[in-house]
Amino acid sequence: MNAGADLQSVPLDKNLIELIIGIMKLWEKGINPEPAIIEFTAGKDRKTDLALTKWDIIGSMAHVIMLEDVALISEEEKNGLLKALHSLFVWDEEGSLIIEKDVEDIHSQIEKEMSSILGTTGRKIHTGRSRNDQVLVDIRLYTREEIDKLSVLIRRLFTKLQSLSEQHKEVLLPGYTHMQPAMVSSFGLWFGGYAECLADDVLLLAGARTLNNQNPLGTAAGYGTTLPINRKLTSDLLEFDDLLYNSVYASLSRGKIEMAIASALASVAQTLSRFSMDICLYMTSEFRFIDFPDEYVTGSSIMPQKRNPDVFELIRARSNVLLTLPNQIAILTTNLPSGYNRDLQLLKQLIFDAFGELRECIEIMLLMLNNIKIKKNITENPLYNTIFSTEEVNRLVKQGIPFRDAYKAVAEMVKNSSFSRTSLSDYVHEGSIGNLCNDEIAAIFEKRMQSLKNTPAVERADKVMHHVSPQTP
Ligand code: ARG
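The sections below set out a description of the structure shown in this document. (Residues numbered from 1 in each chain as written. Predicted model: local features only at pLDDT ≥ 70, side-chain atom pairs only at ≥ 80, totals over all residues. Heavy atoms only, no water.)

1. Looking at the side chain of Gln109
Tracing the backbone through its elements, the reader meets Gln109 in helix 7 (residues 106–118). Note on Gln109: relative accessible area 0%, which makes it buried. Beyond its immediate chain neighbours, meaning those up to four positions away, Gln109 contacts Ile98, Ile99, Glu100 and Val103. (Helix = DSSP H or I, 4+ residues; strand = E, 2+ residues; numbered from the N terminus. Buried < 20%, exposed > 50% of the residue type's maximum accessible area, 1.4 Å probe, protein only. Contact = heavy atoms within 4.5 Å.)

2. Observations regarding the site of the ligand
The environment of the ligand is formed by Asp45, Asp105, His107, Arg131, Asn132, Val135, Arg254, Tyr340, Gln345 and Lys348. A distance of 2.9 Å separates a nitrogen atom of the ligand from a polar side-chain atom of Asp45. Tyr340 is positioned such that a nitrogen or oxygen atom in its side chain is 2.4 Å from an oxygen atom of the ligand. Of the residues forming the shell around the ligand, the biggest block, 3 residues, is contributed by helix 8 (residues 131–167). Taken together, the residues that form the shell around the ligand break down as 2 nonpolar, 3 polar and 5 charged. (Near = heavy atom within 4 Å. Polar contact = N/O pair within 3.5 Å; in protein donor to acceptor, adjacent residues only side chain to side chain. Nonpolar A, V, L, I, M, F, W, Y, C, P; charged D, E, K, R; others polar.)

3. Quick notes on the packing of helix 12 (residues 310–322) against helix 14 (residues 347–369)
For the pair helix 12 and helix 14, interaxial distance at closest approach is 10 Å and the crossing angle is 155 degrees. Between helix 12 and helix 14, the angle is such that the two are roughly antiparallel. Here helix 12 and helix 14 pass one another in a crossing that is left-handed. Residues Val311, Phe312, Ile315, Arg318 and Leu322 of helix 12 lie in contact with helix 14, whose contacting residues are Ala354, Glu357, Leu358, Glu360, Cys361, Ile364, Met365 and Met368. Taken together, the residues of the contact of helix 12 with helix 14 break down into 10 nonpolar, no polar and 3 charged. (Axes fitted to C-alpha atoms, helices over the stretch in contact; angles between N-to-C directions. Parallel < 35°, antiparallel > 145°, perpendicular 65-115°, else oblique. Left-handed = near helix turned anticlockwise from the far one by under 90°.)

4. Things to note about the pairing of strand 2 (residues 180–186)
The sheet contact formed by strand 1 (residues 172–177) and strand 2 spans 6 bridges and is antiparallel. Bridging from a neighbouring strand, Tyr176 pairs with Pro181 of strand 2. Remark: 2 residues form the turn of the hairpin made by strand 1 and strand 2, two consecutive strands paired antiparallel; His178 in that turn has positive phi of roughly 55 degrees. (Pairing = 2+ DSSP bridges.)

5. Re helix 13 (residues 325–333)
For helix 13, the set of buried residues is Leu325, Pro326, Ile329 and Leu332. Along the axis of helix 13, the buried residues cluster in a sector spanning 130 degrees; they form a single face. In helix 13, those exposed residues whose orientation departs by more than 90 degrees from the buried face are Asn327 and Ile331. Buried-residue contacts for helix 13 involve helix 11 (247–282), helix 12 and helix 14. (Arc of directions from axis to C-beta.)

6. As for a nonpolar patch on the surface
Residues Val90, Trp91 and Ile117 make up a contiguous nonpolar surface patch of about 220 Å² in total accessible area. Its location among the elements puts Ile117 in helix 7. Looking at Ile117, the relative accessible area reads 38%, which means it is partly exposed. (Patch = residues over 30% accessible without salt bridge, like charges linked within 9 Å, V, L, I, M, F, W, Y side chains within 5 Å. Areas by Shrake-Rupley, 256 points an atom, 1.4 Å probe, with all protein chains shown as cover. Salt bridge = Lys/Arg side-chain N within 4 Å of Asp/Glu carboxyl O.)

7. Here we look at the environment of Thr234
For Thr234, the location among the structural elements is in helix 10 (residues 231–237). Not counting the four nearest positions on each side in its chain, Thr234 is found in contact with Ala62, His63, Met66, Asn215 and Leu217.

8. Some thoughts on the nonpolar core
The biggest cluster of nonpolar side chains holds 114 residues, and the ones touching the most others in it are Phe187, Leu238 and Ile290. When residues in this core are grouped by element, the largest group, 13 residues, is from helix 8. If we skip the residues at most four places from it in the chain, Leu238 touches Ile58, Gly59, Ala62, Val137, Leu141, Arg144, Leu217, Val464 and Val468. (Core = buried A, V, L, I, M, F, W, Y, C linked by side-chain atoms within 4.5 Å.)

9. Points about the packing of helix 8 against helix 17 (residues 438–449)
The relative placement of two packed helices is expressed as an angle between their axes plus a distance between the axes. Relative orientation of the contacting elements helix 8 and helix 17 amounts to 175 degrees, with a least axis distance of 11 Å. The angle between helix 8 and helix 17 falls in the class roughly antiparallel. For the pair helix 8 and helix 17, contact is made by Ser151, Ile154, Arg155, Phe158, Gln162, Ser165 and Glu166 and by Asn438, Ile441, Ala442, Phe445, Glu446 and Met449, respectively. Split into classes, the residues belonging to the contact of helix 8 with helix 17 amount to 6 nonpolar, 4 polar and 3 charged.

Okay, structure coming up:
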């Protein structure tokens, strides 16, 4: 039986119609779905989708305002729908909005709630849309907020690395190539290097945000609708930069956007992972370049002497797992035909979890860096004498000796152990230990951060909601 049309055409009592509709699945056509099928296809969505609740409500508000604007619903219906959506928003904030056992996902749950609060009017909310464009818009609103939240943390890490770089710019370190002592480096150069890594990561993140911030709402199941909807209006209300125009592309973009975001997240993860590896290495008793207070290292249940860098080992491992994310997404979407396919549902959890993982790693890294101890006079160890040999070559070059001759002369001294370090000559070019250019790097970082809005998360949803529907409730 068709809930909408057939029930309206028979002379049934209105309350009875409400009751029948209330106990039916939204899309039910008189067939009782096998519970095991519902359970398997919903999968983890009843939990995962809760991250989308507030965005599903906000997206629905924009949709309702648009429906009234194009006269598909009345002003009175619009007001009723907005008020009901607002009360769902409040329930969600209180934690009392759940996805019930017999309901497949958040979109169906919200529609069910709307029907039970408003009856006939509630059943109009799905006019001119599909769960396919609904989930697309929810994910984009969610990831937009997550990218912005993450960028706040990345900024804190960037600032911390740059301030450590400035604070310790005079402290020399041996720089390695092939894991052999190579040339003179410094804590200023090392910390500052990872800060500049983040400046590039942020460019990828900003690019992903730009791709993400286009509106798929109105593309319905992936082929548009015959109803006279106004897609530009919902775009403005939801603060998208523009429409995602082609309806087929809108559904194709699921997976593509996740791929762009995953690549940016993986880039940040790579920075965290390599930095963590350096820390683990520099903390070994062989290196001892850095240390942390006892409260920040871990011990062993059997070896009394152990002071282990477990935090950084776990950041390294969790970041390395994040590096597999673009691959997982690529494989999940490989050979999918155009149009909606249920496979896409699994993308949500992959990408949602990744934001949480990165956030936790950056937060703990910040805590550790607030307590890092730097060893001085490292390069005075005779072990590192030869890292000054290239400097010596350059000193001779400055006296007019051809580079290759100077190189050979110093190589001979190193070979017969007669090389002894002289004083450190000046490094003046950009990006060297004597000229770190931290200000220039900070300016690049800030410029790239401009397209990432650093609004705190709580304010963000409220702000979008206020923009969508200033007069609600
Ligand atoms: N839970 C679904 C997902 O995330 C929502 C879209 C359902 N659409 C459909 N045609 N079954 O993909």
